[in-house]
Amino acid sequence: MNGKKGSFEINIPELKKTKQTDNKCSNKSFSFKEWFHNVWEFCKADVNRVIFALKVGFAVLLVSLLILFRAPYDVFGTNIIWSILTVAIMFEYTVGATFNRGFNRAVGSLLAGVLAVVVAQVALCSGHHVVEPTIIGASIFLIGAVTSFMKLWPSLVPYEYGFRVILFTYCLIIVSGYRMGSPIKTAMDRLYSIAIGAFVTVLVNVLIFPIWAGEQLHNELVKNFNAVADALEECIRKYLEDDGSVHPEFISTVMDEFPDEPAYRRCQATLNSSSKLETLANSAKWEPPHGRFWHCSYPWSEYVKVGAVLRYCAYEVMALHGVLHSEIQAPYNLRIAFQSEILEACNDAAELVRTLGKDISNMIHTPKSTSLKKVHISTERLQRAIDLHSYLLTSSHDNFSNSTKPLTKLSHTLSSTLSDLSYNLSKGGSGNFESSTNPPPQDTTSVPTQAESYHEAMKKQQRRLHSWPSRDVEVFDMGGPEMDNLPRMRALESTATLSLATFTSLLIEFVARLDHLVDSVNELAEMAKFKHEGQGV
């Protein structure tokens, strides 16, 4: 029945067709063309993925030449394999992450090599075939326990990889050196191989199409600003355009499946970007000055702080989307009454957020006092409109006595209409009561019929106003005079109208949080030495 709320549609042939389609999809064989299309779309979404893969392959090829050619293999022997392992372990997506991993790898390998040489020499000096393996075994147990404990220490968590390098490098060097009888030579050969692999990794990652973590962090933050602004405008637009004619059931909306709201998805990604921003910021700290980020000690941590403040604004946008898709909805005519004030506040706030993101993108510091004042003025205008017309939100209680007669008249009219319809249906007619020339006799004194008609009218009114409750309410099926149910009906209508107050209060709260967002962006601009307006980029 048109898919409206409160209606039911049962279409068995369509369900069978759906099942057959599902079976066909489940039995669908592998398609190389579809697979190639997915790979192509994945690569096109971020070209750096392809560049990273090619760079790793090239670096591994370079160190493999040391084994493929006879001369370097005769110098380093089988220990040159460690250079290949170093490239595979050290090579990260960004330059900063590679430097971070390389630092842990270098320090860990050096410490492990020194410890292995010292312990091996002490064990060999004992000169006893029982004491030597005992010392080596005890040292392996001690190093394994200490490194595993230290990498769990909160302040040492960023160096967790370094402790793992110490553990497996120490074990491999001391065990192989003990069997070969030359721990010093074994340790030196492996350290040389690790150094060669690290050098090749850094050289390829920095010189061939470098992927800077700082640039990634910068672009990610700008993208989050635009996502929040787009999601805010999208939510307000849909809230004011939705007249309640077609509204999905709540069971389908709680799954966050809104294909017609792309900005909503991007705003969700903004809320989940905390760990990504922190990871990029930690990697960017290891990178040398480059590109636009030319000075040392660049404040990468400030990007994380700005992202945190932006997420607090995004929480309000998600709350607005929650009201948009909630079961309790204000009538359409009530939402339209405040349309101009809501749109003005929304547009000004979204424009300010976009301007902040644009300034960060261009690394320009512009004063935002004028734009912020404009947003405050439009928000105050919305607040005054809500205050002046607050009676619209509580009129169902204030005018209860005055509205009794119109509702009673409406119930009698609808009672007559439903009686005509049931008479035509009982006579085998088409159900079009407007074309009936001989209406059935009406019993206006029948209280149950009037009450039932009133109940049906109120249910239809709830569906038409896109309000709550969405299903038939048992409280209206109790029978009795219609006036007994009016207080309950008024309470439900009041709850629905208060939904508009909730929506506007969330919008006002979003504007209030923009003050903190502007302050955080200004602090970032000062610490990062953004150029002031008029100086050029």
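Calculation criteria
Residues numbered from 1 in each chain as written. Predicted model: local features only at pLDDT ≥ 70, side-chain atom pairs only at ≥ 80, totals over all residues. Heavy atoms only, no water. UniProt positions renumbered as here; feature names shortened; annotations may be inferred. Helix = DSSP H or I, 4+ residues; strand = E, 2+ residues; numbered from the N terminus. Buried < 20%, exposed > 50% of the residue type's maximum accessible area, 1.4 Å probe, protein only. Contact = heavy atoms within 4.5 Å. Phe/Tyr/Trp six-rings, centres within 6.5 Å; stacked < 30°, edge-to-face > 60°. Core = buried A, V, L, I, M, F, W, Y, C linked by side-chain atoms within 4.5 Å. Arc of directions from axis to C-beta. 1 Å grid on protein atoms, 1.4 Å probe; cavity = no way out; pocket = protein on both sides within 12 Å on 5 of 7 lines; lining within 4 Å. Points joined across faces, edges and corners; volume = space filled by probe spheres on them. Axes fitted to C-alpha atoms, helices over the stretch in contact; angles between N-to-C directions. Parallel < 35°, antiparallel > 145°, perpendicular 65-115°, else oblique. Nonpolar A, V, L, I, M, F, W, Y, C, P; charged D, E, K, R; others polar. Patch = residues over 30% accessible without salt bridge, like charges linked within 9 Å, V, L, I, M, F, W, Y side chains within 5 Å. Areas by Shrake-Rupley, 256 points an atom, 1.4 Å probe, with all protein chains shown as cover. Salt bridge = Lys/Arg side-chain N within 4 Å of Asp/Glu carboxyl O.

Per an unreviewed UniProt entry, the protein chain is named Aluminum-activated malate transporter like, and its organism is Thalictrum thalictroides. The UniProt entry for the protein chain carries the following text under Subcellular location (unreviewed entry): "Membrane". Quoted verbatim from the Sequence similarities (unreviewed entry) field of the UniProt record, the comment on the protein chain reads "Belongs to the aromatic acid exporter (TC 2.A.85) family."

Notes on the overall build of the protein chain
Each helix and strand in the protein chain was counted, giving 21 helices and two strands. Within the protein chain, the fraction of its 537 residues that count as buried is 40%. Across the protein chain, every contact between residues at least 6 apart in sequence was considered, and the portion connecting residues at least 24 apart equals 81%.

Section: the packing of aromatic side chains
Aromatic ring pairs are defined here through the distance separating the ring centres and the angle between the ring planes. Across all of its chains, the model carries twelve aromatic pairs by this definition. Arranged with centres 5.1 Å apart and planes meeting at 40°, the rings of Phe-103 and Trp-286 form a pair that is tilted. Separated by 183 residues along the polypeptide, Phe-103 in helix α6 (residues 95-126) and Trp-286 in the loop between α13 (274-284) and α14 (300-324) bring together distant segments of the chain. With 6.3 Å between their ring centres and 55° between their planes, Phe-149 and Trp-153 make a pair best called tilted. What makes Trp-153 partly exposed here is its relative accessible area of 46%.

Points about the nonpolar core
Membership of the largest hydrophobic core comes to 67 residues, with the highest contact counts inside it found for Phe-225, Leu-232, Tyr-303, Phe-510 and Leu-514. Looking at which element gives the most residues to this core, the answer is helix α10 (residues 213-241), with 13 residues. Grouped together as the second largest cluster of nonpolar side chains are 13 residues, Val-119, Ala-123, Ile-143 and Ala-187 included.

Remarks on α13
One turn of the α-helix equals 3.6 residues, which is why residues spaced by three or four share an orientation. Within α13 the residues assigned to the buried category are Leu-277, Leu-280, Ala-281, Ser-283 and Ala-284. One face of α13 carries all of its buried residues, which in axial projection span an arc of 165°. The inward-facing, buried residues of α13 contact α6, α10 and α14.

As for empty space enclosed by the protein
Inspection of the entire model under this criterion finds three cavities of 30 Å³ or more. Reported here for the second largest cavity is a volume of approximately 40 Å³. The set of elements that each furnish at least two residues to the lining of the second largest cavity consists of α16 (339-362), β1 (364-365) and α21 (486-527). When residues of the lining of the second largest cavity are assigned to their parent elements, the largest contribution, three residues, is made by α21.

Regarding the packing of helix α2 (residues 32-45) against helix α3 (residues 47-68)
At a minimum axis separation of 4 Å, α2 and α3 run at an interaxial angle of 95°. By the criterion of interaxial angle, the relationship of α2 to α3 is roughly perpendicular. Residues Phe-42, Cys-43 and Ala-45 of α2 form the contact with α3, whose own contacting residues are Val-47, Arg-49 and Val-50. Of the residues contributing to the contact of α2 with α3, the split by class is five nonpolar, no polar and one charged.

Quick word on the UniProt feature "transmembrane region" (unreviewed entry) in the protein chain
Listed under "transmembrane region" (unreviewed entry) in the UniProt record, and renumbered for this structure, are residues 50-69, 75-95, 107-124, 130-149, 161-179 and 191-213. Helix and strand shares over residues 191-213 are 78% and 0% respectively, and the end C-alpha atoms of the span are 28 Å apart.

Quick notes on a nonpolar patch on the surface
Together, Phe-58, Leu-61, Leu-62, Phe-199, Leu-203, Leu-207, Ile-208 and Phe-209 give the surface a local cluster of nonpolar side chains, amounting to about 780 Å² of exposed area. Looking at the nonpolar patch, the elements with two or more residues in it are α3 and α9 (183-207). A relative accessible area of 55% places Phe-199 in the exposed class.

Here we look at the pattern of salt bridges
Counted under the stated rule, the structure contains 16 salt bridges. A salt bridge links Arg-292 to Glu-215; the nearest nitrogen and oxygen atoms lie 3.1 Å apart. Taken together, the residues Arg-292 in the loop between α13 and α14 and Glu-215 in helix α10 connect sequence positions 77 residues apart. Between Arg-513 and Glu-316 there is a salt bridge whose closest N-O contact spans 3.0 Å. Remark: Glu-316 occurs in helix α14 and Arg-513 occurs in helix α21; sequence separation between them is 197 residues. Members of the salt-bridge network, linked through shared partners, are Asp-230, Glu-233, Arg-266 and Arg-354.

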